Amino acid sequence: MSLISHMNTPSGSEFGLIDWIRRHAPQANTPGGHVVTGIGDDCAALRFTPEREVVVTTDMLMEGRHFRGLDGDLLALVGYKALGVNLSDIAAMAAIPRSATVAVALPRRRGEFGSAEIGRRIHQGLTTMAERFDVALVGGDTNAWDGPLVVSVTLLGEATERGLVRRAGARAGDAIFVTGRLGGSNSEPNQRHLSPFPRIREALTLHAAFDLHAMIDISDGLAADLGHILEESGGLGAVIEADRIPIHEDAREMSRADGRSPLEHALHDGEDFELCLTVAPEAADQLRGWDWRGSNEINEIGVITREPGLRMRFRDGRIEALEPRGFDHFRD
Ligand code: ADP
Ligand code: MG
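A short tour of the structure in this document, coming up. (Residues numbered from 1 in each chain as written. Chains lettered and ligands numbered in written order. Predicted model: local features only at pLDDT ≥ 70, side-chain atom pairs only at ≥ 80, totals over all residues. Heavy atoms only, no water.)

## Here's the deal with the side chain of serine 115
Its place among the elements puts serine 115 in helix H4 (residues 115–132). Looking at serine 115, the relative accessible area reads 14%, which means it is buried. Among the polar contacts made by the side chain of serine 115, one reaches the main-chain carbonyl oxygen of proline 107 at a distance of 2.9 Å. Residues contacting serine 115, with those up to four places away along its chain left out, are Leu106, Pro107, Arg108, Arg109 and Ala144. (Helix = DSSP H or I, 4+ residues; strand = E, 2+ residues; numbered from the N terminus. Buried < 20%, exposed > 50% of the residue type's maximum accessible area, 1.4 Å probe, protein only. Polar contact = N/O pair within 3.5 Å; in protein donor to acceptor, adjacent residues only side chain to side chain. Contact = heavy atoms within 4.5 Å.)

The following block contains the structure:
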């Protein structure tokens, strides 16, 4: 565990708890064991046979926390997002998604819009996402109770022949890139966070063409998620350029409503489900001029440094420390 992680993760926070679980996790990883990467990355990486690693990830959506209300259109989006956020974690490892299981806790209701109908609508949304990314639905668990709706998806995937990309591979001097535009994913009426577009294709294309040192998907916010790369890469630092952060139109929209700057939104809102990655300077030269055939864009935002801590450089040359205050479920 790095010094940075101690400074930034008070023991009572969500990440403090995850750190604690990580230190107390039962480890089947005796020498020659199957756990290649356990807690601490976007997916766990397991090796059951010598050839390719298997990746697995789990994410849960809860009514009242990740979405509100249960009207019909929203339910399909909840199913769509529940699989989408897991796909985003598979993209972050540059792996190929394969099969999912889905556990639902349905609110107990009778009548036309009862538990079964809620379950069907979620399944419809989930199926749309599954077909889009060629994922098989292979199991799950169905429950009903007097509580709110909860959907939990577990997704399995496998590495390509080039192996996986982890959070832990950044090196001092690496250039930092992000896909897409960031911020305001919760802005009304778009609610962009409900219809993520997992960057599987982008991740696999980049992984095939470049030696990606480290990668993460942006779920907690660029500052927090880049912070995870720095921490997992042995306590490195980064300087990012304020005027190079790609700001989403939704962030500007939110800024007009709440007075926080669009840049603040881009750095801290989260649920963008874009990718943040690092490459060696030579690869960065190629990536900058690369013919990015996807509809998505990719921008260089800064550099990895040996000096720990995340800092931001403004246009006038001023450099300020950037707190990686992403979304914390125990606080926000
Ligand atoms: P992500 O945002 O990519 O989904 P998280 O921040 O949710 O990642 O989790 C960070 C790491 O902690 C991941 O490796 C995840 O699998 C692990 N993790 C989170 N909660 C638990 C838990 N209750 N028990 C074991 N591992 C957990
Ligand atoms: Mg992730």
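## A short note on the pairing of strand E5 (residues 136–145)
Pairing between strand E4 (residues 95–107) and E5: nine bridges, direction parallel. If you follow valine 104 over to E5, its bridge partner there is threonine 142. Once you follow E4 into H4 and on to E5, the crossover reads as right-handed. (Pairing = 2+ DSSP bridges. Right-handed = clockwise from strand over helix to strand, strands pointing away.)

## Quick word on the coordination of the magnesium ion (ligand 2)
Looking at the magnesium ion (ligand 2), one finds its protein donor set to be Asp42 (OD), Asp89 (OD) and Asp217 (OD), positioned 2.0 to 2.1 Å from the metal centre. Read in sequence order, the donor residues coordinating the magnesium ion (ligand 2) give the pattern D-x46-D-x127-D. With aspartate 42 in the loop between strand E1 (35–37) and strand E2 (44–46) and aspartate 217 in strand E8 (residues 212–217), this residue pair connects regions lying 175 residues apart in the sequence. (Donors = N, O, S within 2.8 Å, 3.2 Å for Na, K, Ca; no water.)

## A few points about the pairing of E4
Direction of pairing for E4 relative to strand E6 (residues 150–159): antiparallel, over a ladder of ten bridges. What sits directly across from valine 104, in E6, is valine 151.

## A closer look at the nonpolar core
Core analysis: the biggest nonpolar cluster contains 54 residues, and Leu83, Leu149, Val151, Leu277 and Val279 have the highest contact counts within it. Here this core takes ten residues from helix H3 (residues 72–92), the largest share from any one element. Every residue in contact with leucine 277, bar those within four places of it in the chain, is listed here: Ala175, Ile176, Phe177, Leu206, Leu212, Ala214, Met215, Leu287 and Ile298. Val178, Ile240, Ala266 and Leu322 belong to the second largest nonpolar core, which has 28 residues in total. (Core = buried A, V, L, I, M, F, W, Y, C linked by side-chain atoms within 4.5 Å.)

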